[in-house]
Amino acid sequence: MAKSTKATPKKAAAKAVKPSKPTVYNNYINGQWVASASGKTFENRNPADTRDVVGVFQDSNAEDVDAAVAAARAAYPEWRLVPAPKRADYVLRVAEILTRRKEEISADMTREMGKMLKETRGDTQEAIDMAHFVAGEGRRLYGHTTTSELKNKFAMSVRDSVGVCGLITPWNFPIAIPSWKILPAILSGNTVVIKPAEDTPLSVVNFVKAFEEAGLPAGVVNMVTGFGATAGSPLVTHPTVRVVSFTGSTQTGRAISTQAAAEGKRCSLEMGGKNCIIVMEDADLDLAVDGALWGAFGTSGQRCTASSRLIVHKKVVKKFTALLVERAKTLKVGPGLDEKNEVGPVINEKQMLKILNYIEIGKTKDKAKLLCGGERLTEGDHKHGWFIAPTIFGDVSPNATIAQEEIFGPVTAIITANDFENAIDIANNVGYGLSASIYTADVNRAFTAMRDLQTGICYVNAPTIGAEVHLPFGGTKGTGNGHREGGIESFDIFTEWKSLYIDYSGKLQKAQIDE
Ligand code: UN1
């Protein structure tokens, strides 16, 4: 490795990372910013330039979780009685604050997790959209009124709050995913404790600051930063926490689900994906290539919804592959804060090594054809970060490891299909079921695919990423456990149904009893 770069002094100054002392960020408990009882902290570094310390955060433990849960528990009795339209006012204020601070929040997000500025703006926008959607529910949250089998009796059902919710969120959508959980939870009258991913605590600090500025009563939203074993696990197992909502890896999700089940808690899991784009022989190939590039390499492939498999009809696979590889080679990889770039770093060294290991498996065990990328980038702008070149494998067997396991990086696999039925079979032959897409001009095939693809989300003539907040988000098989975030369906995670009967007959009436 070269000892020094040959940059001119002016350029070097522009690139130099300021050695100023990094800011220390505290936990947010009961409306106060407080240090961890552990006395320990951890550093958060920029994945595009690891010399840059984004901030120092609290390495929280069970004692901090206890304090946060106690604050949430204490705030709950009053908060649950605040009328839902009033709770919605706070949520709307949060939307306004995020809108005003969008640039600053998005720049912090790019600095701490690497994705392009236009994508972090999208992430912040997704939280704003969610706030607008959820606030509207403050004046709906509909239940049902229905008939009664008895005379002079009224029956209805309403949504009730549950209590304290424990939220564990990932680093790839550092504000959007917390918004999917916090906003419907508090609108429903619950109080929450959130433990953000250790790679992206600053984004959640920024989000929490919006609740603080909005004047949300103390204890309704609490945050403890730290690691899964020391902060996440005590939150999941805490007896006061009634709902656990987690987004992250399948391995952690399964462990959380077991812990939550032992305590009889409701647990909503959003885990991995192995999403595919099917390209039929009648597809608009340029459009399909545009979609595949965005779906596979947007967010450096670090989306649960990433298009990590491209299932292409044999008649067009050669042409599609040539077009895609040519375009992938021109993608500009570099720091997300530089707007000329298109693909940022991956989140950290551990993930980078995991992705590089999958690339090795693709080349050796899977015997797939490496068509472009396949390596870590270490020169120039890439020198101090975790960059991997956009990678495409061709001639991939549907059962290959790289076609079955979630890689969560800028790697995609082209699989050839003989016909439509074969394409659907290949699409469904994985352990996950989040998102799938088909490019075709044939409306019959489009509808058949929508019917037969075993995923929670399905696109026609668009890539597998880009779900909108007012529709349910989630998947089948190894992706989840039957819950959905987004849309009105997200309120099913954070509310209990209560059935109400009002007898105005003035006498004892017995249901189901023959008189
Ligand atoms: C995720 O990757 O976990 O549909 C969330 C999308 C985004 C959300 C992705 N709106 O790609």
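Criteria and thresholds
- Residues numbered from 1 in each chain as written.
- Predicted model: local features only at pLDDT ≥ 70, side-chain atom pairs only at ≥ 80, totals over all residues.
- Heavy atoms only, no water.
- Helix = DSSP H or I, 4+ residues; strand = E, 2+ residues; numbered from the N terminus.
- Buried < 20%, exposed > 50% of the residue type's maximum accessible area, 1.4 Å probe, protein only.
- Polar contact = N/O pair within 3.5 Å; in protein donor to acceptor, adjacent residues only side chain to side chain.
- 1 Å grid on protein atoms, 1.4 Å probe; cavity = no way out; pocket = protein on both sides within 12 Å on 5 of 7 lines; lining within 4 Å.
- Points joined across faces, edges and corners; volume = space filled by probe spheres on them.
- Nonpolar A, V, L, I, M, F, W, Y, C, P; charged D, E, K, R; others polar.
- Domains from an automatic or database assignment.
- Salt bridge = Lys/Arg side-chain N within 4 Å of Asp/Glu carboxyl O.
- Pairing = 2+ DSSP bridges.
- Axes fitted to C-alpha atoms, helices over the stretch in contact; angles between N-to-C directions.
- Phe/Tyr/Trp six-rings, centres within 6.5 Å; stacked < 30°, edge-to-face > 60°.
- Lys NZ or Arg CZ within 6 Å of the ring centre and 35° of its normal.

Peer 1: Would you take a moment to explain the side chain of Asp52 for this structure?
Peer 2: If you trace the backbone, Asp52 turns up in strand S5 (residues 49-58). You can call Asp52 buried: its relative accessible area is 11%. A polar atom in the side chain of Asp52 sits 2.8 Å from the side chain of Arg111.

Peer 1: Help me understand the side chain of Thr440, please; the structure alone is not making it clear to me.
Peer 2: Tracing the backbone through its elements, the reader meets Thr440 in the loop between strand S21 (435-439) and helix H15 (443-452). In terms of polar contacts, Thr440 uses its side chain to reach the backbone amide nitrogen of Asp442, at 3.1 Å.

Peer 1: Before we go on, may I ask you to explain the layout of surface pockets in this structure?
Peer 2: Which parts of space are left empty comes out when a probe the size of a water molecule is rolled across the atoms. Approximately 1100 Å³ is the volume found for the largest pocket. Taken together, 36 residues make up the lining of the largest pocket; nearest its centre are Trp171, Phe246, Gly248, Ser249 and Thr252. Only helix H8 (228-237), strand S11 (241-247), helix H9 (250-262) and helix H12 (349-363) provide two or more residues apiece to the lining of the largest pocket. A per-element tally of the lining of the largest pocket places H9 first, with six residues. For the lining of the largest pocket, the class distribution of residues is 14 nonpolar, 15 polar and seven charged. Here the lining of the largest pocket spans two domains, since at least three of its residues come from each of domain 1 (22-271 + 480-497) and domain 2 (276-460).

Peer 1: What is the right way to look at the pattern of salt bridges in this model?
Peer 2: A pair can form between side chains of opposite charge whenever their charged atoms are brought close. Enumeration over the complete set of coordinates arrives at 22 salt bridges. The salt bridge involving Arg51 is made with Asp49; its shortest N-O contact spans 2.8 Å. Note on Asp49: relative accessible area 13%, which makes it buried. We note a salt bridge from Asp338 to Lys340, for which the minimum N-O separation is 2.9 Å. With relative accessibility at 30%, the residue Asp338 sits in the partly exposed group.

Peer 1: Any chance you could explain the sheet that holds strand S24 (residues 495-503) here in plain terms?
Peer 2: Whenever strands of a sheet pair, they do so through backbone hydrogen bonds, lying parallel or antiparallel. Judged by pairing direction, the sheet is antiparallel, and its three strands sit side by side in the order S6-S7-S24 without closing on themselves. Either end of the sheet is taken by a strand with one partner, and the two such strands are strand S6 (144-146) and S24. In this sheet, neighbouring strand axes are inclined to one another by 20 degrees on average, regardless of whether the strands run parallel or antiparallel. For strand S7 (residues 153-161) and S24, the ladder comprises nine bridges, and the chain directions are antiparallel. Across the sheet, the residue bridging to Ser161 is Thr495, located in S24.

Peer 1: In this structure, what is going on with the packing of aromatic side chains? I would like to understand it.
Peer 2: The geometry of an aromatic ring pair is captured by two quantities: the separation of the ring centres and the angle between the planes. For the coordinates displayed, the defined rule picks out eight aromatic pairs. The interplanar angle of 55 degrees and the centroid separation of 5.6 Å between the aromatic rings of Trp79 and Tyr90 together place this pair among those described as tilted. With Trp79 in helix H2 (residues 62-79) and Tyr90 in helix H3 (residues 84-100), the pair connects residues that are 11 residues apart, well separated along the chain. Through pairs of rings, three or more aromatic residues link up here, namely Tyr25, Phe42, Phe57 and Phe227. If you follow Arg93 out to its NZ or CZ, it ends over the ring of Tyr90, 5.1 Å from the centre. The ring of Phe173 carries the charged tip of Lys115 above its face, separated from the ring centre by 3.7 Å.

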